Amino acid sequence: MSFWYNVDTGQVETDENRSRGAEVMGPYESEAEARQALELARARTEKWDDEDREWEHRNEAPGWDDEKLDG
């Protein structure tokens, strides 16, 4: 069974009672994970933003080398 987080109601839904449309996030493997949907999304977005900034910096810096990142 999959779990979904409804951003309009703030409730966790299952496959049996899931709302349709853009108001649900998921699927998640557990009810607890679905309850953390907004926090998980925020953390992932911050991580992706950091990676984007790193990528942009790498492409702007003269002489920057991918091998330097691999360490």
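Our subject is the structure listed above.
Okay, so let's go over this structure. Quick caveat: nothing in here was measured; it's all calculated off a predicted structure. (Residues numbered from 1 in each chain as written. Predicted model: local features only at pLDDT ≥ 70, side-chain atom pairs only at ≥ 80, totals over all residues. Heavy atoms only, no water.)

Our next topic: unusual backbone geometry. Look at the link from Gly26 to Pro27: it is a cis peptide, with omega at 15 degrees. Take Pro27: it is sitting in strand S3 (residues 24-28). (Helix = DSSP H or I, 4+ residues; strand = E, 2+ residues; numbered from the N terminus.)

A few words now on the pattern of salt bridges. Going through the model one piece at a time under the given rule, you end up with three salt bridges. Here Arg35 makes a salt bridge to Glu31, at a shortest N to O gap of 2.6 Å. Placement of the pair is Arg35 and Glu31 together in helix H1 (residues 31-35), with a separation of four residues, close to one helical turn. For Arg35, a relative accessible area of 47% puts it in the partly exposed group. Between Glu51 and Lys47 there is a salt bridge, and its shortest N-O distance comes to 3.3 Å. Residue Glu51 and its partner Lys47 are both found in helix H2 (residues 37-60); the two are separated by four residues, about one turn of the helix. (Salt bridge = Lys/Arg side-chain N within 4 Å of Asp/Glu carboxyl O. Buried < 20%, exposed > 50% of the residue type's maximum accessible area, 1.4 Å probe, protein only.)

Evaluation of the coordinates by the stated rule reveals zero aromatic pairs. We note Arg18 situated over the ring of Trp4; from NZ or CZ to the ring centre the distance is 4.0 Å. (Phe/Tyr/Trp six-rings, centres within 6.5 Å; stacked < 30°, edge-to-face > 60°. Lys NZ or Arg CZ within 6 Å of the ring centre and 35° of its normal.)

All right, on to a negative patch on the surface then. Taken together, the side chains of Glu46, Asp49, Asp52, Glu56 and Glu60 make up a negatively charged region of the molecular surface. Among the secondary structure elements, Glu56 is positioned in helix H2. By relative accessible area, which is 45% here, Glu56 ends up partly exposed. (Patch = residues over 30% accessible without salt bridge, like charges linked within 9 Å, V, L, I, M, F, W, Y side chains within 5 Å. Areas by Shrake-Rupley, 256 points an atom, 1.4 Å probe, with all protein chains shown as cover. Lys, Arg positive; Asp, Glu negative; His and termini not counted. Charge placed at Lys NZ, Arg CZ, Asp CG, Glu CD.)

Quick look at the sheet that holds S3 now. The strands that make up a sheet are held in pairs by hydrogen bonds between backbone atoms, and each pair lies either parallel or antiparallel. The three strands lie next to each other as S2-S1-S3, forming an open sheet whose pairing is antiparallel. The open sheet has two free edges, formed respectively by strand S2 (11-14) and S3, since each of these has just one partner strand. This sheet shows a mean twist of 30 degrees between the axes of neighbouring strands, independent of strand direction. Where strand S1 (residues 3-6) lies against S2, four bridges are found, and the strand directions are antiparallel. Pairing of Trp4 across the sheet is with Glu13, part of S2. Across the sheet, H2 touches S1 and S3, and the angle it forms with S3 is around 90 degrees. (Pairing = 2+ DSSP bridges. Axes fitted to C-alpha atoms, helices over the stretch in contact; angles between N-to-C directions. Contact = heavy atoms within 4.5 Å.)

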